[in-house]
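Chain by chain, the residues run as shown.
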Amino acid sequence: NMGCTNCCVSTAQNAKEIKRLEWEDLRPALDTFMSDETPYKGRKTVVFAGGETFMNYPLVIQAVRYLEKCALKPHVEVYTNGTLLKAEWVRELRSFDAKIIFSIDGGKKGNDLYRTFVAGPERSAFDEIMSRLEGLPKDGLATNTIIHPGNLDGLIEALDFFNRSGFGQIDIWLDYLHLWTPEEAKRLETFVADFADYYVARTQKEGKIPFVVPMINHALHNGTELAAGRNWWKECFRLVLGADGNYYDCEGALLLPYERIAESTAVGAPRRDKGVDWAARQADMDA
């Protein structure tokens, strides 16, 4: 329902047909991922991401209910742009302890520069999200912000606003698809330094971290692993299911339309395959 210029999944742009994930593909993929044959034995995480997940809410909640049967139930995360949100959907997902993560790229000016509606681009996506979030308990809700050159100004204030509104997890990621100019990179460096000062100051003043930033945890983990001579993708047993019903090496493959990637980087399909060749996947990642 949106045409965000920065979307990392461009499969619907100029595609021959729209792809929509079907239960006939999702169910066996869930079975495969949650089975004991998957090398990872700890508590797993199932993530629903878009396109826009709430355009197919019945499928999402069907999967969440289905996962209740697992002996060790996975963490569940649902990403959404928030513009189709219904309070009853939030309550239902939260009853299953699913985390809902809202993609909001800063304040109104910065967010609406990148996140626009396909029909009615003059509408404010930021206002639409905020109106739907109004009055909702923020327990189990989180935000995710992509850092772009156009939303750097006022971004710390926006993140602070999200936290003051009740969000306890606020993630930030760099727009790695944009070719940053030297001037933009300098502004980014200034933002990172200012954000560090803000985050440290609040932590010292309040005696605890003000909110969780998963990106910081990822960076610390990756740095520790690299310093120890290990690569982050070792024993990374991730299974990516595309809307076309094929498994892919990683979500990066979905930067291209499905008709261009299905023959080159697809690694099987849940309807046809029995399990996943994890060793082959690892070799693919190593290569």
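Placed above this text is the structure.
Right, let's walk through the structure included here. (Residues numbered from 1 in each chain as written. Predicted model: local features only at pLDDT ≥ 70, side-chain atom pairs only at ≥ 80, totals over all residues. Heavy atoms only, no water.)

1. Thoughts on the overall build of the protein chain
Part 1 of the argument: In terms of helices and strands, the protein chain carries 10 helices and seven strands.
Part 2 of the argument: Computed over its C-alpha atoms, the radius of gyration of the protein chain comes to 20 Å, within 12% of the 19 Å expected for a compact globule of 287 residues.
Part 3 of the argument: Expressed as lengths along the three principal axes of its C-alpha atoms, the size of the protein chain is roughly 50 × 50 × 40 Å.
Part 4 of the argument: A burial count over the protein chain gives 44% of its 287 residues as buried.
Part 5 of the argument: Put simply, of all contacts in the protein chain between residues at least 6 apart along the chain, 70% involve residues at least 24 apart.
Part 6 of the argument: Accessible surface, the protein chain as shown: approximately 15,700 Å² in total, 55% of it carbon and sulfur.
Part 7 of the argument: Computed over 34 positive and 42 negative side-chain charges, the separation of the two mean positions in the protein chain equals 4 Å. (Helix = DSSP H or I, 4+ residues; strand = E, 2+ residues; numbered from the N terminus. Rg over C-alpha atoms; globule rule 2.2 N^0.38 Å. Buried < 20%, exposed > 50% of the residue type's maximum accessible area, 1.4 Å probe, protein only. Contact = heavy atoms within 4.5 Å. Areas by Shrake-Rupley, 256 points an atom, 1.4 Å probe, with all protein chains shown as cover. Lys, Arg positive; Asp, Glu negative; His and termini not counted. Charge placed at Lys NZ, Arg CZ, Asp CG, Glu CD.)

2. Some details on the pattern of salt bridges
Part 1 of the argument: What the rule picks out here adds up to 16 salt bridges.
Part 2 of the argument: In this structure, the salt-bridge partner of Lys-73 is Glu-68, at a minimum N-O distance of 3.2 Å.
Part 3 of the argument: A relative accessible area of 36% places Lys-73 in the partly exposed class.
Part 4 of the argument: Here Lys-186 makes a salt bridge to Glu-189, at a shortest N to O gap of 3.9 Å. You can see Lys-186 and its partner Glu-189 sitting in helix α7 (residues 182-206), three residues apart, about one turn around the helix.
Part 5 of the argument: Through salt bridges that share partners, Asp-160, Arg-164, Arg-202 and Glu-206 make up one connected network. (Salt bridge = Lys/Arg side-chain N within 4 Å of Asp/Glu carboxyl O.)

3. A closer look at the side chain of Asn-246
Part 1 of the argument: Among the secondary structure elements, Asn-246 is positioned in the loop between β6 (240-241) and β7 (247-248).
Part 2 of the argument: A distance of 3.2 Å separates the side chain of Asn-246 from the side chain of Asp-244, its partner in a polar contact. (Polar contact = N/O pair within 3.5 Å; in protein donor to acceptor, adjacent residues only side chain to side chain.)

4. Some points on α7
Part 1 of the argument: Over its 25 residues, α7 extends 36 Å from the first C-alpha to the last, a length consistent with the 36 Å expected when each residue adds 1.5 Å.
Part 2 of the argument: Every buried residue of α7 is accounted for by Glu-184, Leu-188, Phe-191, Phe-195, Tyr-198, Tyr-199 and Arg-202.
Part 3 of the argument: Buried residues along α7 sit against β4 (141-147), α6 (155-164), β5 (169-174) and α8 (214-227).
Part 4 of the argument: Directly beyond the C-terminal end of α7, a positive phi value near 75° is found at Gly-207. (Expected span 1.5 Å × (residues − 1).)

5. Digging into the sheet that holds strand β2 (residues 75-80)
Part 1 of the argument: What the five strands build is an open sheet, ordered β1-β2-β3-β4-β5; its pairing is parallel. Both outer strands of the open sheet, β1 (45-48) and β5, are each paired with one neighbouring strand and no more. The mean inter-strand angle of the sheet, taken between neighbouring strand axes irrespective of direction, is 25°. (Pairing = 2+ DSSP bridges. Axes fitted to C-alpha atoms, helices over the stretch in contact; angles between N-to-C directions.)

6. Some points on the side chain of Asp-25
Part 1 of the argument: Structurally, Asp-25 can be placed in helix α1 (residues 23-34).
Part 2 of the argument: Its relative accessible area of 7% is what places Asp-25 among the buried residues.
Part 3 of the argument: Those residues in contact with Asp-25 that sit more than four places away from it in its chain are Leu-241, Gly-245, Pro-270 and Arg-271.

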